[in-house]
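Tertiary structure, described
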Amino acid sequence: MIILGIETSCDETSAALVRDGRVILSNVIHTQEVHHKFGGVVPEVASRNHVIKIFEVLDAVEKEAGMSLREADAIAVTRGPGLVGALLIGVNTAKGLAYSWQKPLIPVHHVEAHLYANMLHFGEIPFPFLGLIVSGGHTHLVLVESPRSYRLIGQTRDDAVGEAFDKVAKMLGLGYPGGPAVDRIAAQGDEDAMELPIPVLRDNPMDFSFSGLKTAVRNLIARSPGVKKEDVCASFQKTAVRALTQRVELFFTGEKPYPLVVAGGVAANSRLRAEFSSLSARYNVPLFIPPVGLCTDNAAMVAALGNDLFREGAFLEGEKLLSLNATSSLSFV
Ligand code: KG4
Ligand code: ZN
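Rules of the game
Residues numbered from 1 in each chain as written. Chains lettered and ligands numbered in written order. Predicted model: local features only at pLDDT ≥ 70, side-chain atom pairs only at ≥ 80, totals over all residues. Heavy atoms only, no water. Helix = DSSP H or I, 4+ residues; strand = E, 2+ residues; numbered from the N terminus. Rg over C-alpha atoms; globule rule 2.2 N^0.38 Å. Buried < 20%, exposed > 50% of the residue type's maximum accessible area, 1.4 Å probe, protein only. Contact = heavy atoms within 4.5 Å. Areas by Shrake-Rupley, 256 points an atom, 1.4 Å probe, with all protein chains shown as cover. Lys, Arg positive; Asp, Glu negative; His and termini not counted. Charge placed at Lys NZ, Arg CZ, Asp CG, Glu CD. Near = heavy atom within 4 Å. Polar contact = N/O pair within 3.5 Å; in protein donor to acceptor, adjacent residues only side chain to side chain. Domains from an automatic or database assignment. Pairing = 2+ DSSP bridges. Axes fitted to C-alpha atoms, helices over the stretch in contact; angles between N-to-C directions.

1. So, the overall build of the protein chain
Looking only at helices and strands, the protein chain has 10 helices and 10 strands in total. Here the C-alpha atoms of the protein chain give a radius of gyration of 20 Å, agreeing with the 20 Å that 2.2 N^0.38 yields for 333 residues. Over its C-alpha atoms, taken along the principal directions, the protein chain stretches across nearly 60 × 45 × 35 Å. Burial analysis of the protein chain (333 residues in total) assigns 53% to the buried set. Nonlocal contacts in the protein chain, meaning residues at least 24 apart in sequence, comprise 74% of its contacts between residues at least 6 apart. Roughly 13600 Å² of accessible area belongs to the protein chain as shown, and the carbon and sulfur atoms make up 52% of that amount. Here the protein chain carries 31 positive and 36 negative side-chain charges, and the mean point of each set is 3 Å from the other.

The structure is reproduced here in structure tokens:
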């Protein structure tokens, strides 16, 4: 079965063709660089650029895969969470194509789709596993006991970890998106140059909080204007990644170690990859992290999850598919 995936939740316009939910035939990602000069994603600008790019991206997928999009058996689209104007472009494109080509339409949850980037690279991952999704908008720790059954272990109370990377980069004038810049610059810094806080939330120590860390970095820069950017990036990155590994270790020691599946844009971070790799060796559990290119937003992961949803019967057809709407905030578990 071949699924056409469409993703427009933020600043990537992406479409993909995926066979049986696991084999990428084509995955075209257009990143909107227009936002760089604003230092962050401007929602209205994102929507307009999705409109301009979506058909170009679909044409490129068709070319790359060497097959007509009409040959797809179904269309999967990110319905949320994300920027509502941006989501609407993908949702309406998918609805238009599915209705006119008489294909089933599969609504997909963006954060859950991130986990499925791993299935594209590793094939089937045995259950149960502990999933950590770290992106610009989300920080979720979930126990996945069987396909698509999620137990929420922890989530952020304020900023997402990727958002903290982006805000720290902005303070240092490193541009947007900040994560890759912080990662690159941190490599030249001293990670022990400064001590930064990792808040522990008393009512649920498995929850995350990144706004205190961000404020600590802001205060530090204000107090010592001559501080080296490299040292700030390295110290911040070490602390942000430690906040993630600490929660996972806390869960492992409180319950038991589980195989680890990490996903989302921040999973591209070199320090995160190294720390989780040593954690998995210490606890003797397998670690799954997608290749860097599948960590950030892409439509192949949407098609991968779409495949499994289709098999569960979670799709819309005929007139019913016209009722699908984009939803900016959508809970995951
Ligand atoms: O998953 P994603 O593409 O979009 C959302 O669903 O949010 O994640 C984007 C986030 C941004 O905050 C970006 O700065 C961060 O992922 N990111 C990184 C790295 N590459 C992307 N953060 C740290 N290190 C990286 N190498
Ligand atoms: Zn994402």
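From this point on, the discussion continues.
2. Notes on the environment of Gly136
Following the sequence through the fold, Gly136 ends up in the loop between β6 (129-134) and β7 (139-146). Accessibility expressed as a relative area gives 45% for Gly136, which makes it partly exposed. In this structure, the C-alpha to C-alpha distance between Gly136 and Arg271, residues 135 residues apart in sequence, is 17 Å. When neighbours within four sequence positions are excluded, Gly136 is seen to be in contact with Ala160, Gly162 and Glu163.

3. Quick notes on the site of ligand 1
Neighbouring ligand 1 are 18 residues; Gly136, Asp166, Gly179, Asp183 and Asn269 lie closest to it. At a separation of 2.9 Å, a nitrogen atom of ligand 1 approaches a polar side-chain atom of Asp183. In the complex, the protein chains occlude 90% of the 560 Å² of accessible area that ligand 1 would expose alone. Counting residues per element, the ones that place at least two in the shell around ligand 1 are α3 (110-122), α4 (161-171) and α5 (178-186). Top element by residues in the shell around ligand 1 is α5. It accounts for 4 residues. Shared between two domains, the shell around ligand 1 holds at least three residues of each, these being domain 1 (2-114 + 295-323) and domain 2 (127-285).

4. Looking at the sheet that holds strand β1 (residues 2-7)
Taking strand neighbours across the sheet as the criterion, the 5 strands line up as β3-β2-β1-β4-β5 in an open arrangement whose pairing is mixed. Looking at strand neighbours, the two that pair on one side only are β3 (23-31) and β5 (105-109), the edges of this open sheet. On average, adjacent strands in this sheet sit at an angle of 20 degrees to one another, irrespective of strand direction.

5. Some points on the side chain of His114
Relative to the helices and strands, His114 is located in helix α3. For His114, a relative accessible area of 2% translates into the label buried. Excluding anything up to four places from it in sequence, His114 contacts Ile133, Ser135, Ala263, Gly264, Gly265, Cys295, Thr296, Asp297 and Met301.

6. A word on unusual backbone geometry
With an omega dihedral of -5 degrees, the bond running from Phe127 to Pro128 counts as a cis peptide bond. Relative to the helices and strands, Pro128 is located in the loop between α3 and β6. The peptide bond linking Tyr176 to Pro177 adopts the cis configuration, its omega dihedral lying at -5 degrees. Inspection of the secondary structure assignment puts Pro177 in the loop between α4 and α5. Despite not being glycine, Arg148 shows a phi value in the positive range, around 60 degrees. Secondary-structure assignment places Arg148 in the loop between β7 and β8 (149-155). The residue Asn284 is not glycine, and still its phi comes out positive at about 55 degrees.

Bear in mind that shape data such as this cannot, by itself, settle questions of function.
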